[in-house]
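Each chain is listed here by its residues.
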Amino acid sequence: MLGRVRTAVAQLVGGLGPTPGAQRPRDSPAPPPAPPGPSACRGPPAGGGGFSRPAFLQLSSEELQRADDHAGRAVQSPRETRRRLPWSTGYAEVINAGKSQHNEDQACCEVVVVDRRCSPRCNPAPKECTGEAEGGRKDLCFHYWGLFDGHAGSGAAVMASKLLHLHICDQLRDLVDILQDSSPAPLCLQSDSRALPAERNRAPLTQADVELPNDALPRFHLEKAVSHESLVIGAIENAFKRMDEQIERERTTRLVAGGCCALAVVYLLGKVYVANAGDSRAIIIRNGEIIPMSREFTPETERQRLQFLGFLRPELLGNEFTHLEFPRRIQHKELGKKMLYRDQNMDGWAYKRIEEDDLKFPLIYGEGKKARVMATIGVTRGLGDHDLKVYNSDIHIKPFLSCVPEVRVYDLTQYEHCPDDVLVLGTDGLWDVTNDREVADVVTEVLMGYEPNDPCRYTVAAYELVLRSRGVLKERGWRLANDKLGSGDDISVFVVPLGGPGNYT
C-alpha cells in the first residue's frame, strides 16, 4: 500500500496583475486571485469523500449555499480578493438544474514538485518549484489541471480531485533524473530507484562479453527505444490505475459513493499531456484553429472493446445479456428469421439467423447520449463504480469499465503561441449543448475585449462559456440564446492560456 503523503507549501508563485486602466464588463466576474504555491509530493495519502466545492474557489458558507441552489444556478468563479490560479488559468462552474442533490463535478488546479524517490534512510525536505537537490540536480515541477464529473454521488469525484495529482507525482518520482538526461531511458532501475550514470551510458555488450551462438547475437542485442514522452504517458496511466485501486480499497471506510469521469492535464518539460477517461473533453484553440485533445468514451465509441470482453468472458454477462448488437430488441416470434447484427470484429452489418441466445438483452443498447452498458451507465471509462450492478441483479458492471485514460501530447515548444491561444477543458455539461466551433467563437470574442496581459480575461472566458451553455431560465426551462434547450447538467470549465505565463524551455 502506498504511504501517506506529507505536503508542504513552498514560496508563493507570483503572477500578472490586471492591466492598469483595463475595463471589465459590468456583469463579468472579478479578476482571478494570485496563484497558490507549489505542493511537494512524497506519495499519495489515504483519501476521503464527502460533498465539497473546489478548494481554490474559497467559498464562504453563504456563497456555498448560492452555489448549491438549483433554482438560481449562479455561476461560480474565483474572486478578485483571493489568490489567482497558476498560469493565469480561468475557471467557472454551475450546478445542475436538479438532476442530482448537489454539484457532482469537481476540479483541481495545482503546481506540484516531484522529489526523486529516496532510500528508506533518506528524508529530504520539501523543495520549491525552482529548487535544486543535492549535487545541483533539479527536482521536477509540473502544472496540473483536473476535472472530475461524478455520477451516483460525488464521493469518487471529490476523492480523485484531491489525490490524482499526488498519484501522478508518485509515479514520476522514479523519473526525475531520467527525464532531465538526454540519454536513452535505462531498461532497469537500481535498488535506490535511480539508474546509475555509468549503467545508463554503458555501451551494449559485445560478442567478447558473452559467448552465444552467432545466430542468437542479433536477437540478444535487440532493444526497443523508449522515449521520455512515453515514460510520462506511462506514469499518468499508472497513476489513474492506482487512484482507482485506492477508491476501491477505501470506498467503505471513506463512504466513497459512485464513480466519476476524469480529465487531467499535466504540463511537464515543455509538453502538455491530456489524459481522458470518460466523456469530458479538451480542445486547443490556436490562431483560430481547433485541435481536439481528447475523445469521449461511451458505449458507442468503445463498442468493440466491450463486445470483445463479453465474447471472451461470457460469465460476466450473467446469462442475461448477449455481446451481439442488433438494430433493435428481438421478439420471440422472430426466432429462425435472418436479422441484421454485428459482433466485436465488425464495423459493418451482416445478416444472421436468430437463435434463442439472441433474445437476451444486448450488452450495448441505445444510441447517442442514450446508449447504455447493460442498460445502466452511459460512460465506459472513469474511476470508481466498484459496487455498480445491473438493476435488481448481482451482475457487476465494473469489469466493462476501464480506468485507463487515453493520453494525447501537445508540444508547446514547436509553436510560438500568442496570448489568445488556449486549452479549454470542459465536462460534458458544456459539450452537450455547445460544439467546438461555438466554444472557440465565445473564447475569441471574450479575449478580444481584454488587454493581452490582463489575467482576468481567461476567467471571463470560462465564465461566459458556462453562462451561455447554461442559458436563461424561461417558462419552458433553461434556454440558450437560440431558444434551444440549455444544459441542465453540472458544467465545469478551465481556460488555460498557452502563450504564458509558462516557461516553455
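Up top is the structure.
Counting starts from 1 at the beginning of each chain's written sequence and moves along it residue by residue. Note on the predicted model: pLDDT of at least 70 is required for a residue's local features to be given, and 80 or more for side-chain atom pairs to be given and counted; whole-chain, interface and lining totals, by contrast, use all residues. Side-chain descriptors were evaluated using all non-hydrogen atoms of the structure, hydrogens and water having been removed beforehand.

Novice: Can you explain the overall build of the protein? Please cite residues and give values.
Specialist: Each helix corresponds to a stretch of at least 4 residues labelled H or I by DSSP, and each strand to a stretch of at least 2 residues labelled E; elements are numbered beginning at the N terminus. When you go through the protein residue by residue, the secondary structure sums to ten helices and 20 strands. Three exposure classes are used, based on accessible area relative to the maximum for each residue type with a 1.4 Å probe and protein chains only: buried under 20%, partly exposed in between, and exposed over 50%. The buried share of the protein, taken over its 505 residues, is 52%. Any two residues whose heavy atoms approach within 4.5 Å at even a single point are treated as in contact. Expressed as a percentage of contacts within the protein between residues at least 6 apart in sequence, the contacts between residues at least 24 apart total 72%. On the protein, roughly 24,200 Å² of surface is accessible, and the fraction owed to carbon and sulfur atoms is 50%. Accessible areas in this description were obtained via Shrake-Rupley with a 1.4 Å probe; residue shielding takes into account the shown protein chains only.

Novice: Give me the packing of helix α2 (residues 155-172) against helix α6 (residues 228-250): which residues, what numbers.
Specialist: The convention used is that axes are lines fitted to C-alpha atoms, helices contributing only their stretch in contact, and that angles between N-to-C directions extend from 0 to 180 degrees. One way to put it is that α2 packs onto α6 with a least axis distance of 8 Å and a crossing angle of 135°. Considering the angle they form, α2 stands oblique to α6. Taken as a pair, α2 and α6 cross one another with a handedness that is right-handed. Residues A156, M159, A160, L163, L164, H167, I168, Q171 and L172 of α2 lie in contact with α6, whose contacting residues are A235, I236, N238, A239, F240, R242, M243, Q246, I247 and E250. Three categories are distinguished: nonpolar for Ala, Val, Leu, Ile, Met, Phe, Trp, Tyr, Cys and Pro, charged for Asp, Glu, Lys and Arg, and polar for the others, with Gly belonging to the last. Its residues assigned to classes, the contact of α2 with α6 comprises 13 nonpolar, four polar and two charged. Here is the rule for angles: anything less than 35 degrees is roughly parallel, anything more than 145 is roughly antiparallel, 65 through 115 is roughly perpendicular, and the remaining ranges are oblique. Should the near helix be turned anticlockwise from the far one by less than a right angle, the crossing is termed left-handed; should it be turned clockwise, right-handed.

Novice: Go over the sheet that holds strand β17 (residues 422-426) with me, naming the residues and quoting the values.
Specialist: Only when DSSP finds a minimum of two bridges between them are two strands counted as paired. Across the sheet, five strands lie side by side as β2-β20-β17-β7-β8; this open sheet has antiparallel pairing. This sheet does not close on itself; its edge strands, each paired only once, are β2 (90-94) and β8 (289-292). Shown here is a sheet whose adjacent strand axes are inclined to one another by a mean of 20°, direction ignored. One ladder, built from five bridges, connects β17 with strand β20 (residues 491-497); its direction is antiparallel.

Novice: An account of the packing of aromatic side chains is needed here, citing residue identities and associated values.
Specialist: Between 30 and 60 degrees the pair is tilted, below 30 it is stacked and above 60 it is edge-to-face, where a pair is any two Phe, Tyr or Trp rings, Trp via its six-membered ring, whose centres lie within 6.5 Å. Scanning the entire structure with this criterion turns up nine aromatic pairs. Where F56 meets F494, the ring centres are 6.2 Å apart and the plane angle is 40°; that geometry is what we call tilted. Here F494 lies in strand β20 and F56 lies in the loop between β1 (39-41) and α1 (61-67), a separation of 438 residues in the sequence. Owing to a relative accessible area of 0%, F494 belongs among the buried residues under this scheme. In textbook terms, an aromatic cluster arises when at least three aromatic residues are bridged by ring pairs, as seen for F56, Y91 and F494. The ring of W431 carries the charged tip of R281 above its face, separated from the ring centre by 4.2 Å. Definition used: whenever NZ (Lys) or CZ (Arg) falls within 6 Å of the ring centre and also within 35 degrees of the ring normal, the charge is taken to sit over that ring. Between the NZ or CZ atom of R381 and the centre of the ring of F297, over which it lies, the distance is 4.1 Å.

Novice: An account of the packing of helix α9 (residues 436-448) against helix α10 (residues 456-470) is needed here, citing residue identities and associated values.
Specialist: The axes of two packed helices give the description: the angle between them and the distance between them. α10 packs onto α9 with a crossing angle of 140° between their chain directions and a minimal axis gap of 9 Å. If you check the angle between α9 and α10, you find them oblique. Between α9 and α10 lies a crossing whose hand is right-handed. Seen from α9, the contacting residues are V439, V442, V443, E445, V446 and L447; seen from α10, they are R457, Y458, V460, A461, E464, L465 and R468.

Novice: Run through the environment of T301, naming residues and quoting values.
Specialist: With respect to the helices, strands and loops of the structure, T301 is situated in the loop between β8 and α7 (303-312). Separated by 78 residues in sequence, T301 and V379 have C-alpha atoms that sit 9.7 Å apart. Beyond its immediate chain neighbours, meaning those up to four positions away, T301 contacts R295 and E296. In this structure the side chain of T301 is engaged in a polar contact, spanning 3.1 Å, whose partner is the backbone oxygen of E296. We define a polar contact as two N or O atoms separated by no more than 3.5 Å, with the added condition that, inside protein, one atom must be a possible hydrogen donor and the other a possible acceptor, whereas residues neighbouring each other in sequence contribute only through side-chain atom pairs.

Novice: A description of a nonpolar patch on the surface should follow, citing residues and the corresponding values.
Specialist: On the surface, a cluster of nonpolar side chains totalling about 300 Å² of accessible area is made up of F308, F311 and L312. Its location among the elements puts F311 in helix α7. Like-charged residues are merged into a patch within 9 Å and nonpolar side chains (Val, Leu, Ile, Met, Phe, Trp, Tyr) within 5 Å, provided each residue has over 30% relative accessible area and no salt bridge. What makes a salt bridge here is a side-chain nitrogen of Lys or Arg within 4 Å of a carboxyl oxygen of Asp or Glu, nothing more.

Geometric values such as these leave the question of function open.
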